[in-house]
Structure formats: structure tokens, C-alpha cells
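# Reading the structure
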Amino acid sequence: FLLSSQPHISSLSEHVFASLPQMERGVAKVIGGDPKGNNFLYTNGKCVIIRNIENPAIADIYTEHAHQVTVAKYAPSGFYIASGDASGKIRIWDTTQKEHLLKYEYQPISGKVKDIAWTEDSKRLAVVGDGREKYGAVFLWDTGSSVGEVSGHCKLINSVDIKQTRPYRLATASDDTVVSFFEGPPFKFKFTIRNHSQFVNCVRFSPNGNHFVTAGADGQIFIFDGKSGEHVGSLGEEKAHKGGIYAVSWSPDSSQLISASGDKTVKLWDVGAGTAVTTFNMGSDVLDQQLGCLWQKDHLLSISLSGNINYLDKNNPDRPIRTVKGHSKSIQCLTVHKHDGRSYIYSGSHDGHINILSNDCFSGKGHSNLVSKMVPNEADELVTCSMDDTLRYTSINKKEYSASDVVKMDFQPRSVSVASGGLSLAVCIGQIVLLKDKKKVFTLDNLDYEAEVGVIHPGGTTAAVGGKDGTIRLYSIQGNTLKDESKTIKVSGQIMDMAYSNDGAHLAVIDEKKVATAFSVADDYSVKNEFYGHHAKPVTLAWSPDNEHFATGGMDMMVYVWTVADADKRIKIPDTHRLHHVSGLAWIDENTLVTSSHDASVKQWTIIY
């Protein structure tokens, strides 16, 4: 497909680096499995993420919910997915086409949807969660007509499941510590099960329908007869886990199941014997708490509080076969570094996490707050600034944070720029700092303007600082000092971002009045061209390695690639990250652009001029 505003200029999406699941401490995460066994799915923000289970780098993102999506489940037919959001809306959409056309939309409850279950014929579904007058509903998928009543609870329902063989049975698990059992259709309340002493987080029928299990915050897993609902046993001796249990998932043959717990373990159980076959120890950090799991074909997956997706290895329980890493919070900035002929994409997020694509991150303790800017320097270090009031210089080769390479700033840094000779320029709130070899060498205080962003000319002799007042001030770098040259450049509004082209010939600037401007450096910073197109303020800008094009992105979800010499020649990528602002841009080469967004995903685009 061509996304072009002019003939012969196009861009097409090439690759999605999907976000991790959005996690919350003490809250179970439901992972949906594909009945055909190829994909699994989960939610983050307003997105449903579908990933290939054999190769999780292959991903698709569905973003049509207006509110935060909380759970998504495939219909047993495999043709549709039902997803539920924080407002109680359910959307049922097509899985077979790239467009994911909406089939039906319903509002079964008035609060957050916590779980969804289908009958095996894909004709009815049960939805549970929070609400004002009711906590669940069960209805026909194509008309929304009720096929029973989900009653018997006085607090929100966390989990629901439907027996996948006839006669149908339905079970719900709630914060009121009880499990309700229903027969149907139409589904009628039969009785209450009161085995748990705390919140019940999960209920799941075995694939063959013979049993169902319930798991709770009390560390217990109880087993019941699938048809009668009678209690038949429990897993483990006193308890199944030392901590609360958030999720269980049955093996395809119904003989075993896995359970995920806040005690930072996943256990594999022989259900007939009631004993644990294997305990997977997932770590010792609070972020290693296990909040979700999925058994699909031969794959055993669990989700950590960090958002990491772990592929468990039955033969080596202390080391996952693979761990899928990434961002679970919105990405704020992005850069690319070339090393040994390969390009690596670095992205920094709202929670201070820095990711290396694909699927790596720095070890050790890094930033503790939002990473606002990042740029590689000539010493193969990633230079980052953060709302934790520090600059960090992290070795790209060692991939390890070092406590000795942190520079504490007096004020919060907003932007950082680097040049050869070990120079860095940090623009902080109320202060501009010049650093050399990771040490502060010069500080400008008591500024009579609010500085937003600073960049060093590739030649290392000039620094340009853009202000809230729409003025760029030029400073000359003389030895270890910044000297105000009393030279200013005016643009139409507050400066959002700016950058010199790699050859130093041009300075590109974007402002809050939605204008991009290219200035010619050699011609005393005269205006080379102005570029119009954004509908909302642009926030990020990056030069192509060819020095003839630069890209801008922003609040209108659009990315434009502009041609410096011709303001009419532009490439537009609409809906770059649907429903989410574009937060970062970087180029891998002159035909490959990378974008990041508040949807916590990174996308790679091929640009054809």
C-alpha cells in the first residue's frame, strides 16, 4: 500500500516492535491463546497486541478502543477476537484481515472488563468485571441478547470460564472470596463455592471439561468436578504457593496445569496426583512476581510484573528458553547507533527503562524516572538525560549501567546533545551546562529566557539553544566555555525540537505553531525553507543520513519526511501510531525510518523517494 501525497514518493510499514503487556502490581494479567496455536495476545494501553508464539518478533497491533483495553480473547473458531476495555465496552473484530474489521460492539457492564469467555461454538460469550448494578453478563455474540444471568456476587468479578464441552457450565471468581457455579444455557445460578479465604483471581475449566480449578490470593488452588461443581481436591500440601496466585492455564491434554504467583514462581502441576512436578524460579526482585500464564501447544509462557514474557523450559526451570523484553510504558525518545556494520535501535521510556532492539536491555540500575533524550557519542556511549536529574554515559559495548558514569545535575535536564572531542551540552530547567569527558566544565545560570532544547553543531564550535519564547540563541564554544554571540534566530512559536544535519549545513527547527523551518548555517542562518503540514504540534525531529531530508512527528499521530530543497516535496505517514502521539524518530539509513510512540511500540518504515 502506498501512503503518499505525491506520485513516486511513498512509505510503507515494514516492522513492528510491539510493546510488552501493561502490568500493575497485585493485578492478574489475562493472556489469550489462539485456538490454532499460532498466536497469543495481551493488552497495553488502548492496544491489543497479537504476537506469533514461535517468533514473537512478528506482531500486529489493534488500536480501535477509545479506552484502556484490559483483556482480549480469541473465539474458539479462531476467526474473531473479543476485547474489553475500562469503560465496559466489548468489541468483536475480525482476525483474518489486516484491517481487523469490527463485527459487533456491546456494552454489557458499566465498569472495567476483567475477563471474557466464549462457548465452544463461538456463539455466546460471558463478560465479567466491575459495574454499578451488575458484575457480569452472558449473551449471544451476534445480537447481544442475554442468555442468562451472572449473579451471586457482591463485589467485582475477576475471572470467568465456560466448559468447552456439553452440557455447558459457567463459573465466576470474585473479590468477594466466592466462586459461583452456573448451568445453562440459558445460564442459571446453581450455587456458591466458599473454599477460598481471600480474593479469587482465576477460574479455568480443563479443555476436556472434566474439571475446573480456582486460584486465589490465599495461595490455594482447588479442583472441582466440571459437570457437578463438586469439590474434588486441591493442589499442593497446605498451599499451592507461598504468595497469591494470579493465573492458571491447563495443558492441552487436561492432565497438567501451570500456575503463576506473586511468590515469583510458576509451578507445573500433575492435577491427578495434586503435586508440583516442576517449580520455575523467576528471580528475587519484586518485578519478578508472576501475574499471568499461558500453556499453548508445547509453549509455557508466563508474564512478570516487569512485563517481560518468559518462555519456560521444563528441563531447566531456573532459566527460561527465552525472555521477550521491551517497553510496557510509553516511549519518550529514540536513537540509532551503528556498531560493527549493524544498526541498533535504543528507546527510552516513561519509567526510565532503556531498551535495545531487538530484545535486549542494559543490566544494572539505570534511570529512575522518565528518559527525555538520548544520543550516542563517538566513544560508543549512549548519553541519556532523565527527569531523575541526571545525565548518564552508558557503554554500548558493555551494555551495563555504571554508577561512575552518572552526572548529577542541579536542575532537571530537558535535552542533551553531543559533539566530537568529548563534548556534551545539557539544557536544564533554568540552566545550560557544557560537559567535557563526562565532567561539567561550564554553566550558564540566571537565563533571561526559558531554554527548551540545545544542540551542538557537528563542528563543535557552536551551540544553538531554543527557547520557549520562539527564539534560538547561538553560543560559541571556546575551549571549555560558552560565549553568547548575541546572535538570535526567530521562529513562530515555542521551540519543540531542533537538530543540525549531520554535515552541519542546516539547522532544522519545529515549533508549537506547527511549522518546521530549515536554516542555512553557512548563509548566516538564513531561512532555507518553511514546511507546513502538521495539524497539531510536532514534538520530535530527525535528519536523514543523506542530509537532504528530515522527518518530523508529533501530536497529530503523523510523520512527515521533508525535502530541504523543496518544501512541496514531502512524504506523509498518516496514523503512524494510531491514536497515539509520535514521541521519537531516528534513521537507520536514508530509506529506513524508525518511530516510537506513547503506545510503547516502535515501528520501522521503508521510505521510498
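Basis of the calculations
- Residues numbered from 1 in each chain as written.
- Predicted model: local features only at pLDDT ≥ 70, side-chain atom pairs only at ≥ 80, totals over all residues.
- Heavy atoms only, no water.
- Helix = DSSP H or I, 4+ residues; strand = E, 2+ residues; numbered from the N terminus.
- Contact = heavy atoms within 4.5 Å.
- Polar contact = N/O pair within 3.5 Å; in protein donor to acceptor, adjacent residues only side chain to side chain.
- Pairing = 2+ DSSP bridges.
- UniProt positions renumbered as here; feature names shortened; annotations may be inferred.
- Phe/Tyr/Trp six-rings, centres within 6.5 Å; stacked < 30°, edge-to-face > 60°.
- Buried < 20%, exposed > 50% of the residue type's maximum accessible area, 1.4 Å probe, protein only.
- Lys NZ or Arg CZ within 6 Å of the ring centre and 35° of its normal.
- Axes fitted to C-alpha atoms, helices over the stretch in contact; angles between N-to-C directions.
- Salt bridge = Lys/Arg side-chain N within 4 Å of Asp/Glu carboxyl O.
- Core = buried A, V, L, I, M, F, W, Y, C linked by side-chain atoms within 4.5 Å.

## Digging into the environment of Tyr393
Relative to the helices and strands, Tyr393 resides in strand 35 (residues 390-395). With 126 residues separating them in the primary sequence, Tyr393 and Phe519 have C-alpha atoms 30 Å apart. In this view, Tyr393 contacts Asn377, Glu381, Leu382, Val383, Asp405, Val407, Ser424, Leu435 and Lys438; residues no more than four positions away in its chain are not counted. Here Ser424 takes part through its side chain, which lies 2.8 Å from a polar atom of the side chain of Tyr393.

## Quick look at the sheet that holds strand 4 (residues 47-52)
The strand order across the open sheet built from four strands is 2-3-4-5, with neighbouring strands paired in antiparallel fashion. For this open sheet the edge positions go to strand 2 (32-33) and strand 5 (59-62), each flanked by a neighbour on one side alone. Examined bridge by bridge, strand 4 and strand 5 share four bridges and lie antiparallel to one another. Counterpart to Ile49 in the pairing with strand 5 is Ile61.

## Some remarks on the UniProt feature "repeat: WD" (unreviewed entry) in the protein
Per the UniProt record, "repeat: WD" (unreviewed entry) is found at residues 62-103, 193-234, 238-279 and 531-572. Across residues 62-103 one finds 0% helix and 48% strand; the C-alpha atoms that close the span lie 14 Å apart. In residues 238-279, helix accounts for 0% and strand for 55%; the two terminal C-alpha atoms are 16 Å from one another.

## Overview of the packing of aromatic side chains
Considering all chains together, one arrives at 18 aromatic pairs under this definition. Relative to Phe139, the ring of Tyr106 has its centre 5.3 Å away and its plane inclined at 65 degrees; by these criteria the two rings are edge-to-face. Here Tyr106, found in strand 9 (residues 102-106), pairs with Phe139, found in strand 12 (residues 136-140); they are 33 residues apart in sequence, far enough to count as distant. With a relative accessible area of 3%, Phe139 lands in the buried category. Measuring from ring centre to ring centre gives 4.8 Å for Tyr560 and Trp562, while their planes differ by 20 degrees; the resulting arrangement is stacked. What makes Trp562 buried here is its relative accessible area of 0%. Counting every residue linked through ring pairs, the aromatic cluster contains Tyr80, Tyr104, Tyr106, Trp118, Phe139 and Trp141. Sitting over the face of the ring of Tyr311, Arg322 holds its NZ or CZ atom 5.1 Å from the ring centroid.

## Quick word on the environment of Gly430
Tracing the backbone through its elements, the reader meets Gly430 in the loop between strand 38 (423-428) and strand 39 (431-436). A relative accessible area of 38% means that Gly430 is categorised as partly exposed. Sequence separation of Gly430 and Phe411 is 19 residues, and the distance between their C-alpha atoms is 7.4 Å.

## Side note on the sheet that holds strand 23 (residues 265-270)
If you walk across this open sheet you meet the four strands as 21-22-23-24, and the pairing is antiparallel. Each edge of the open sheet carries a strand with a single partner, namely strand 21 (245-250) and strand 24 (275-281). Strand-to-strand twist of the sheet, defined as the mean angle between neighbouring strand axes without regard to direction, takes the value 20 degrees. Sheet topology note: the strand 22 (residues 256-261)/strand 23 ladder contains five bridges and is antiparallel. What sits directly across from Gln256, in strand 23, is Asp270.

## Notes on the side chain of Thr595
Structurally, Thr595 is set in strand 54 (residues 592-597). Taking relative accessible area as the criterion, Thr595 reaches 0% and is therefore assigned buried. A distance of 2.8 Å separates a polar atom in the side chain of Thr595 from a polar atom in the side chain of His577. Once residues lying within four places of it in the same chain are set aside, the contact partners of Thr595 are Leu334, Val559, Thr576, His577, Gly584, Leu585, Ser601, Val602, Lys603 and Trp605.

## Description of the pairing of strand 44 (residues 481-490)
Strand residues, when the strand is regular, have side chains that alternate between the two faces of the sheet. By the bridge criterion, eight bridges tie strand 43 (residues 471-478) to strand 44 in an arrangement that is antiparallel. Looking at strand 44, one finds that Leu474 is bridged to Lys487. Where strand 43 folds back on strand 44, the antiparallel hairpin that results is connected by two residues, among which Gly479 adopts a positive phi of roughly 60 degrees.

## Thoughts on the pattern of salt bridges
Under the criterion given, the structure shown has 21 salt bridges. Between Glu183 and Arg169 there is a salt bridge, and its shortest N-O distance comes to 4.0 Å. One end of the pair, Glu183, is in strand 15 (residues 179-183); the other, Arg169, is in strand 14 (residues 169-174), and 14 residues separate them in sequence. By relative accessible area, Glu183 is classed as partly exposed at 27%. Note on Arg169: relative accessible area 9%, which makes it buried. Taken together, the shared-partner salt bridges connect Glu120, Asp121, Arg124 and Arg166 into one network.

## Some details on unusual backbone geometry
Look at the link from Arg166 to Pro167: it is a cis peptide, with omega at -5 degrees. Here the residue pair Pro185 and Pro186 is connected by a cis peptide bond, since its omega of -10 degrees sits within 30 degrees of zero. Its location among the elements puts Pro186 in the loop between strand 15 and strand 16 (188-193). A positive phi angle, near 65 degrees, is found at Asn547, a position not held by glycine. Within the element layout of this structure, Asn547 appears in the loop between strand 49 (538-543) and strand 50 (549-554). For Asn547, a relative accessible area of 17% translates into the label buried.

## Side note on the nonpolar core
Ranked by internal contacts, the top residues of the largest apolar core, which has 20 residues, are Phe40, Ile49, Leu301, Ile309 and Tyr311. Mapped onto this core, the elements with two or more residues apiece are strand 3 (39-44), strand 4, strand 25 (290-296), strand 26 (299-304) and strand 27 (309-311). The next biggest cluster of nonpolar side chains, apart from the first, holds 17 residues, and it includes Val71, Val113, Leu125 and Val127.

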